[in-house]
Amino acid sequence: MPEEPEVVIVDKRHNNSLPWIEKYRPVKFDEIVGNEDTVARLSVFATQGNAPNIIIAGPPGVGKTTTIQCLARILLGDSYKEAVLELNASNERGIDVVRNKIKMFAQQKVTLPKGRHKIVILDEADSMTEGAQQALRRTMEIYSNTTRFALACNTSEKIIEPIQSRCAMLRFTKLSDSQVMAKLIEVSQLENLKYEEDGLEAIVFTAQGDMRQALNNLQSTAQGFGDITGPNVFKVCDEPHPMLLQDMLHHCAGNDIHKAYKILAKLWKLGYAPEDIIGNIFRVCKRLNIDEQMKLNFIREIGITHMKIVDGNNSLLQLTGLLARLCQVAEAN
């Protein structure tokens, strides 16, 4: 077994000038929320020492970069600063970065514990140009004795096949509402915030499984209004209110297009984008307490309208047509 380096952990929780996403960023595997099976696989890599090149793919705000940083801290201990190169590929994604920065780092000599390697962390790796990825592939091959590569991306399909075949692929999924809620309660108690259940539920609704978004919304609400309540959260996040959309869908389920349209017209006058309105209609519809067959038909109609809006047909007429079709579905039921 290779010698375990001492893990150096800097406690940021006493630093009140940091944004909460940094202040409460996990530094150990057991602090990471969600994706337990994938994190467990990485902890095996960490204990054995000889980690492969890895790609972590998943939606934003689920802990991809944080997990890689935790792995690097456990593997490298005191040597973390000089033995880790962290690049955000969405800014630095050209072939020159691979030829200069990454290659120079891979060539540097660093004294590490036996069996450990330098680590290059590439965030947003799916933003790299194809030329840069081809150059990276060759660099991974040449310096495999001294350097390991850890890539974080939203969609692994944009990573070229030769790089995918050289890496262990790990997939992260969105966090569940209960996991996000548990973290929000923990942070609220640590920050001595006054919060109501509907306020935290509103943050969970707006975050959609994105922990970074949830903590940002919590901090924004706390600093803007003090108390975490539902109305305060929606003032900060400025999304179409789910209760309004719920009432609108209930009117459609009752085949009352006039009342439903009044709510839609109100949201339109408030200036909400059609994409935001249709997205929230779908999320509210999933939780709606109506006949199951009617709900499935509603979701089908909402999906068709969402597709049209994404294609550019994003007018009030399109959304009004949706309400009319939902009323037809209700009448048929």
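Residues numbered from 1 in each chain as written. Predicted model: local features only at pLDDT ≥ 70, side-chain atom pairs only at ≥ 80, totals over all residues. Heavy atoms only, no water.

Okay, the sheet that holds strand 1 (residues 54–57) next. Judged by pairing direction, the sheet is parallel, and its 5 strands sit side by side in the order 2-3-4-1-5 without closing on themselves. Sheet topology places strand 2 (84–88) and strand 5 (168–171) at the edges, where each strand pairs with a single neighbour. The average undirected angle you get between the axes of adjacent strands in this sheet is 15°. The pairing of strand 3 (residues 118–123) with strand 4 (residues 147–153) spans 5 bridges and is classified as parallel. Opposite Val120, over in strand 4, you have Phe149 as the bridge partner. (Pairing = 2+ DSSP bridges. Helix = DSSP H or I, 4+ residues; strand = E, 2+ residues; numbered from the N terminus. Axes fitted to C-alpha atoms, helices over the stretch in contact; angles between N-to-C directions.)

As a further point, take unusual backbone geometry. The phi dihedral of Glu124 is positive, around 50°, even though this residue is not glycine. Looking at the element boundaries, Glu124 is found in the loop between strand 3 and helix 6 (130–142). Located in the positive-phi region is Asn255, a residue other than glycine, with phi close to 60°. As for its placement among the helices and strands, Asn255 is situated in the loop between helix 12 (242–253) and helix 13 (257–269).

Attention now moves to the domain arrangement of the chain. Once the domains are mapped, the chain shows domain 1 (35–171), domain 2 (177–237) and domain 3 (242–332). A C-alpha centroid distance of 26 Å is found between domain 2 and domain 3. Of the roughly 480 Å² buried between domain 2 and domain 3, counting both surfaces, carbon and sulfur atoms make up 58%. The tally of links from domain 2 across to domain 3 stands at 1 salt bridge. Salt-bridge contacts for Asp177 lead to Arg287; the nearest nitrogen and oxygen are separated by 3.2 Å. Taken together, the links from domain 2 to domain 3 amount to 2 residue pairs in polar contact (both at pLDDT 80 or more). For the side of domain 2 that touches domain 3, a count of residues per class yields 2 nonpolar, 2 polar and 1 charged. (Domains from an automatic or database assignment. Buried area = accessible area lost by both parts, 1.4 Å probe. Salt bridge = Lys/Arg side-chain N within 4 Å of Asp/Glu carboxyl O. Polar contact = N/O pair within 3.5 Å; in protein donor to acceptor, adjacent residues only side chain to side chain. Nonpolar A, V, L, I, M, F, W, Y, C, P; charged D, E, K, R; others polar.)

Using the criterion set out here, one finds 9 salt bridges in the structure. Across the salt bridge formed by Glu141 and Arg138, the nearest N and O atoms sit 2.6 Å from each other. One end of the pair, Glu141, and the other, Arg138, are both in helix 6, 3 residues apart, so they sit about a helical turn from each other. On the basis of relative accessible area, Arg138 is assigned to the partly exposed category, the value being 45%. Among the charged side chains, a network of salt bridges with common partners joins Arg138, Glu141 and Arg166. (Buried < 20%, exposed > 50% of the residue type's maximum accessible area, 1.4 Å probe, protein only.)

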